[in-house]
Amino acid sequence: MIHLASRFFQRKLRSLTIVSAAFVLILVIGAVTFQFRKNMAPCHLAKPVMAAAEMRPIGNAQMNTQSTGSREESTASSSGVSSGKEAPPAYQTMYPDLYAGELVPAAAPKEKTVYLTFDDGPSNLTIPLLNVLDTYHVKATFFVVGHTDRQSLKAMKEIVNRGHAIGVHSYTHQFEQIYASPASFLEDYAKMHDLIKSTTGVDTKIYRYAGGSVNDYNKNTARDIIAEMNRRGYVYYDWNVDSGDAEKGATAKSIYRNVISGVHRYSNSVVLLHNTKFKGNTLKVMAKIIKTLKNESYSFDVLGPSVDSSPYLFCKIP
Ligand SMILES: [Zn+2]
């Protein structure tokens, strides 16, 4: 009797162990998948309209001065001179001056370089942020939006005057509108590019997509837009470290933790931060972030077309 009971419990115990092992395995797989999805947005983009030969590699690593989109190339192909090939999409002929021109080939950055990037400014918190960066002799990159009030324009000028890099983010930041088609993207981009140029004198060659290069609004248009922007020679940057300062309930503490732990994961990082009037916590914690990273021998630099963008892109097209 006792023997039978013990065999029964042994069998129960064995099946319980198998069930819990399976449960743990499912948990581990779930956690790994979640982390992966969090770090790398899925690459679910539609096929581009453009012929494969016209595609530029995503990222500027392999870009050389000859492959850079030029006005001549655009005129030749749009006027139909190019030997019976299909006519290029009409948006390729829009904004004939909107080309980046010659780009310096991408160089490898030195280890432990951090690129702080601030999106969605300028705002009333831009000058205070610039003051913090000045205190610690740190240069950063600002991807700006189309604010045209006096304070914002002054802040935009200050970004450049104090030696930081400036790039296009979006004029309107209205996702549905800008990602509706390559033409509407170009319209928004050209407007922001011009505002930066007329305000600061900088003919910027770098940009960041509003919402990142892969988002819920550009599934059907991202490939065409990216291909067109690559053809024109502009370089975009996503990020590999998200401060989480745009998330609901973000605190100075959570921003600090996200940035420091994120930076520790990579030898070089592009850190996503924001500079709207609502980002007081980001401003508040910047000094602490900079001090910690400097103590850990990280150095800071600005993004520019010569910085290889490919390690920081969400979606890599082979
Ligand atoms: Zn944004």
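Please read these numbers as outputs of a predicted model, since none were measured by experiment. (Residues numbered from 1 in each chain as written. Predicted model: local features only at pLDDT ≥ 70, side-chain atom pairs only at ≥ 80, totals over all residues.)

Let's hear about the overall build of the chain: which residues, and what values?
Secondary structure summary: the chain contains 9 helices and 8 strands in total. Of all 318 residues assigned to the chain, the portion counted as buried reaches 38%. (Helix = DSSP H or I, 4+ residues; strand = E, 2+ residues; numbered from the N terminus. Buried ≥ 20, exposed ≤ 12 C-beta atoms within 10 Å, placed from the backbone.)

Could you give me a rundown of the pairing of strand E1 (residues 113-119), with the residues and numbers involved?
In terms of residue burial, E1 counts as a mostly covered element, since 6 of its 7 residues are buried. In terms of strand pairing, E1 meets strand E7 (residues 268-274) through 7 bridges, oriented parallel. Looking at the pairing, Thr 117 lines up with Leu 272 of E7. The pairing of E1 with strand E8 (residues 299-300) spans 2 bridges and is parallel. (Pairing = 2+ DSSP bridges.)

Could you give me a rundown of the confidence of the model for the chain, with the residues and numbers involved?
Taken as a whole, the chain shows an average pLDDT of 83; of its residues, 73% reach a score of 70 or greater. Counted against residues more than four places away or in other chains, residues 31-42, with its pLDDT under 50, gives 5 contacts. Long-range and interchain partners of residues 62-82, a stretch whose pLDDT sits below 50, account for 33 contacts in this model, where long-range means more than four residues apart. (pLDDT = per-residue confidence, 0-100. Contact = placed C-beta atoms within 7 Å.)

Report on helix H7 (residues 222-231), specifying residues and quantitative values.
With 10 of 10 residues buried, H7 is to be regarded as a mostly interior element. Burial in H7 covers these residues: Ala 222, Arg 223, Asp 224, Ile 225, Ile 226, Ala 227, Glu 228, Met 229, Asn 230 and Arg 231. One or two residues past the end of H7 sits Gly 233, with phi positive at roughly 90°.

Talk me through the packing of helix H3 (residues 126-135) against helix H4 (residues 150-161); I want residue IDs and the actual numbers.
In the contact formed by H3 and H4, the axes pass within 9 Å of each other and the chain directions differ by 15°. With respect to H4, the element H3 is oriented roughly parallel. The chirality of how H3 crosses H4 is left-handed. Taken together, the residues of H4 that come into contact with H3 (itself represented by Thr 126, Ile 127 and Leu 130) are Ala 155, Glu 158 and Ile 159. (Axes fitted to C-alpha atoms, helices over the stretch in contact; angles between N-to-C directions. Parallel < 35°, antiparallel > 145°, perpendicular 65-115°, else oblique. Left-handed = near helix turned anticlockwise from the far one by under 90°.)

Can you explain unusual backbone geometry? Please cite residues and give values.
In this model, Gly 121 is joined to Pro 122 through a cis peptide bond whose omega is 0°. A positive phi angle, close to 55°, is found at His 137, a residue other than glycine. Tracing the backbone shows His 137 in the loop between H3 and strand E2 (141-145). The backbone of Ser 297 shows a phi angle near 65°, a positive value even though the residue is not glycine. Mapped onto the fold, Ser 297 is located in the loop between helix H9 (280-295) and E8. The class for Ser 297 is exposed, based on 8 C-beta atoms found within 10 Å.

Describe H4, and please don't skip the residues or the numbers.
Relative to the 16 Å expected for 12 residues at 1.5 Å per residue, H4 spans 16 Å between its end C-alpha atoms, a close match to the ideal helical length. Buried within H4 are the following residues: Ser 152, Ala 155, Met 156 and Ile 159. Each buried residue of H4 sits inside an arc of 105° when the element is viewed along its axis, so together they form one side. Seen from the open side of H4, the exposed residues pointing more than 90 degrees away from its buried face are Arg 150 and Asn 161. Tucked into the core, H4 has its buried residues touching H3, E2, strand E3 (165-170) and helix H6 (182-200). Positive backbone phi, approximately 90°, marks Gly 163, located one or two places after H4. (Expected span 1.5 Å × (residues − 1). Arc of directions from axis to C-beta.)

Tell me about the environment of Lys 139, residues and numbers included.
Its place among the elements puts Lys 139 in the loop between H3 and E2. On the basis of neighbour count, Lys 139 is assigned to the partly exposed category, with 15 C-beta atoms found within 10 Å. Between the C-alpha atom of Lys 139 and that of Leu 303, which follows or precedes it by 164 residues, the distance is 9.6 Å. If near-sequence neighbours (up to four positions away) are discounted, Lys 139 is found in contact with Gly 163, His 164, Phe 300, Asp 301 and Val 302.

Before we move on, could you go through the environment of Phe 175 and cite the residues and values that matter?
The residue Phe 175 is located in helix H5 (residues 175-178) in this model. Residues Phe 175 and Asn 215 lie 40 residues apart in sequence; the distance between their C-alpha atoms is 9.2 Å. In contact with Phe 175, not counting residues within four places along its chain, are Ala 210, Gly 211, Asn 215 and Tyr 217.

With reference to specific residues and values, describe the pairing of E2.
The buried count for E2 comes to 5 of 5 residues, which makes it a mostly enclosed element. Here E2 shows two buried faces, one formed by Thr 141, Phe 143 and Val 145 and the other by Phe 142 and Val 144. Bridge analysis of E1 against E2 gives 3 bridges, and the strand direction is parallel. Residue Thr 117 lies in a different strand from E2, and its bridge partner there is Thr 141. On the question of chirality, the crossover connecting E1 to the parallel E2 by way of H3 is right-handed. Alignment of E2 against E3, held across 5 bridges, turns out to be parallel. When the sheet's bridge partners are listed, Thr 141 is paired in E3 with Ala 165. (Right-handed = clockwise from strand over helix to strand, strands pointing away.)

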